[in-house]
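# Understanding the architecture of this molecule
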Amino acid sequence: MTAPTVEAAIHELLDLAWNVVYDLLEERALLGDGLFVEEFTGIHSWLDGPARYTIVHSQTVAVLFVDTRPVDAIAFHHDLLGADNPAGYFTLPG
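Notes on the structure in this doc start here. As the structure is a computational prediction, the values presented were derived from the model and not from experiment.

Grouped together as the largest cluster of nonpolar side chains are 16 residues, with contacts concentrated most on Leu14, Val21, Leu25, Phe40, Val56, Val63 and Phe65. Within the second largest apolar cluster, 13 residues are counted, among which are Val71, Ile74, Leu80 and Ala87.

Next up on the list: the environment of leucine 16. By secondary structure assignment, the location of leucine 16 is in helix H1 (residues 4–16). Remark: the alpha-carbon pair of leucine 16 and arginine 69, spanning 53 residues in sequence, is separated by 8.6 Å.

When helix H2 (residues 18–27) is considered as a whole, its buried residues turn out to be Val21, Leu24 and Leu25. Seen along its axis, H2 keeps its buried residues to an arc of 95°; they face one direction. Seen from the buried face of H2, the exposed residues on the opposite side, beyond 90 degrees, are Asn19 and Glu27. Where H2 ends, the next residue or the one after it, alanine 29, has phi of about 55°, a positive value.

Moving on, we come to the sheet that holds strand S3 (residues 61–66). What the 4 strands build is an open sheet, ordered S1-S2-S3-S4; its pairing is antiparallel. Among the strands making up the open sheet, the edge pair consists of strand S1 (42–48) and strand S4 (69–75). Ignoring which end each strand starts from, the neighbouring axes of this sheet average 20° apart. Pairing of S1 with strand S2 (residues 51–57), which is carried by 7 bridges, proceeds in the antiparallel orientation. Across the sheet, the residue bridging to isoleucine 43 is valine 56, located in S2. Most of the contacts of H1 go to S1, to which it runs at about 75°, and overall it touches S1, S2 and S3.

Definitions and cut-offs
Residues numbered from 1 in each chain as written. Predicted model: local features only at pLDDT ≥ 70, side-chain atom pairs only at ≥ 80, totals over all residues. Heavy atoms only, no water. Core = buried A, V, L, I, M, F, W, Y, C linked by side-chain atoms within 4.5 Å. Buried < 20%, exposed > 50% of the residue type's maximum accessible area, 1.4 Å probe, protein only. Helix = DSSP H or I, 4+ residues; strand = E, 2+ residues; numbered from the N terminus. Arc of directions from axis to C-beta. Pairing = 2+ DSSP bridges. Axes fitted to C-alpha atoms, helices over the stretch in contact; angles between N-to-C directions. Contact = heavy atoms within 4.5 Å.

Right, dumping it as structure tokens:
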């Protein structure tokens, strides 16, 4: 079980952009049985200049947000969170 503040942050990000996250997962064949917010239990966030990068993940997928906008989704693996540049695992917009 995650702490209530972590759960609230995850739910807020996913709720703000539900349709975009769903589309990202579907486009990358990562949707599985559907998009269930309660399966997302991890969050990792950092600042890089004026932008806030946030990775929200379940046991199977990870979604990268820049500020509050979801920009990419990938299959989750634990190396992602220990990486020097976790955003490098994702495709960032132009």
